[in-house]
Amino acid sequence: AVLADQIAAGEVIERPASVVKELVENAIDADSHEIDILVEEAGLKSIEIIDDGSGIEADQLALAFRRHATSKIDDRKDLFRVHSLGFRGEALPSIASIADVEMTTSTGGEGAVIHLAGGKVISQKPAEARRGTDIKVRDLFYNVPARLKYMKSLNTELSKIVDIVNRLAFGHPDIQISLTHNNRELMRTAGRGDLQQVVGSIYGMNKAAKMLPISGSDADFKVSGYVSLPELTRASRSYMTILINGRYIRNFQLSKAIIAGYGSKLMVGRYPVAVVNLEMDPLLVDVNVHPTKQEVRISKEDQLSKLLTVTIRSKLSEQNL
Ligand code: ADP
Ligand code: MG
């Protein structure tokens, strides 16, 4: 079973940022209001995620680290109406198979702490804990030297962590999220449900103040979010964030639709800063395309692209831009 977990880990856990993504998504799925992310040495030394969510019952704790043990899907039909971020039950066993993991958790009463190494449970004991979960992942890839060799510089690995935390924060303005690296706080959102505030925490308040709120809808889709004035552009596409029902996704056609909204106001090779949330019936999205869940298939993608372009274009022209 440990071998199967390591194979799954190869797909789900590419680098420290993948661990951060999976664990923060678990904290979000647990209805947390506050999530603190602490990493050392770009996550290769340690990653700790502290949340104030539902916690896990002591008698379910070891089970959560078993493959395909998800509490989020009751039967296969549910796969097509996925609301939660996680649903494959692969992350915890995958991570535990390639790192040293300690999780302390409580649902409100007495808590428990479990320790795993190399995918095996070493110990589980009762523990004093407030409601929520604290998971520590140390020495990632210690038993997968080949993977460790492929790690880029610490700066690159850290920037991937920052990037994924930012995107998760954009999708959840109602959750207070902080990221600390080697004891230095890199970002903190207010958790007040205000997307512009989150954009400000991440890109700077001055830039956030220069962004325009957008909103549009048709029978199937609702578009909202913030897009930059044409004067605030970047040389990289990576300042565009697309969320579907709060989930960060990557989609080439939808990125092009954002750019198309600017028409000729955008110089070649320049891209807007944008955080766009697309709301739709989950039945219209298939998130079960890739283990990392970032690639999705959308029904009526052309209709959605058009709505997105038109929504941005009409906002800009309303501003006489
Ligand atoms: P998935 O998220 O796909 O269900 P995971 O391996 O990520 O699978 O997690 C397994 C299970 O452990 C989850 O279904 C959930 O019940 C529980 N769990 C994991 N992390 C947390 C957390 N931070 N708070 C509460 N429950 C959690
Ligand atoms: Mg998960």
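Each residue is numbered by its place in its chain's sequence as written, counting from 1. Following the order in which they are written, the chains are lettered starting with A and the ligands numbered starting with 1. Given that this is a predicted model, residues contribute local features only at a pLDDT of at least 70 and side-chain atom pairs are listed and counted only at 80 or more, while totals for whole chains, interfaces and linings are drawn from all residues.

As annotated in an unreviewed UniProt entry, the chain is DNA mismatch repair protein MutL from Secundilactobacillus folii.

A. Fine view of the environment of Ala257. Take Ala257: it is sitting in helix α9 (residues 252-262). For the pair Ala257 and Lys306, spaced 49 residues apart in sequence, the C-alpha to C-alpha distance is 6.9 Å. Here, residue contact means that the backbone-derived C-beta atoms of the two residues sit within 7 Å. Ignoring sequence-local partners within four residues, the contact set of Ala257 consists of Ser305, Leu308 and Thr309. Counting from the N terminus, the helices are the DSSP runs of H or I reaching at least four residues and the strands are the DSSP runs of E reaching at least two.

B. Spotlight on the sheet that holds strand β10 (residues 221-228). Across the sheet, five strands lie side by side as β9-β10-β15-β12-β13; this open sheet has mixed pairing. One side of each edge strand has no neighbouring strand; the edge strands of this open sheet are β9 (211-217) and β13 (247-249). The sheet shows a mean angle of 20 degrees between the axes of neighbouring strands, direction not considered. Here, any two strands with at least 2 DSSP bridges between them count as paired. Bridging between β9 and β10 involves seven bridges; their strand directions are antiparallel. Within β10, the residue paired with Ser217 across the bridge is Lys222. Against the sheet, α9 makes contact with β12 (240-244) and β15 (274-280), and its axis sits at roughly 120 degrees relative to β12, the strand it touches most. Its contacts with the sheet put helix α10 (residues 301-318) on β9, β10 and β15, and the angle it makes with β9 is roughly 135 degrees. Here the axes come from fitting lines to C-alpha atoms, over the contacting stretch only for helices, and the angles between their N-to-C directions go from 0 to 180 degrees.

C. Main features of the sheet that holds strand β8 (residues 184-188). The sheet built from eight strands is open, its strands ordered β5-β4-β3-β6-β2-β1-β7-β8 with mixed pairing. Looking at which strands have only one partner, the edges of the open sheet turn out to be β5 (120-127) and β8. For this sheet, the mean inter-axis angle between neighbouring strands, taken without regard to orientation, is 10 degrees. Across six bridges, strand β1 (residues 34-40) lies against strand β2 (residues 46-51) in antiparallel orientation. Of the residues in β2, the one forming a bridge with Glu40 is Ser46. Seen against the sheet, helix α2 (residues 16-29) touches β1, β2 and β6 (132-138) and runs at an angle of roughly 10 degrees to β2. Helix α6 (residues 154-171) contacts β1, β7 (176-181) and β8 of the sheet and is inclined by roughly 175 degrees relative to β7.

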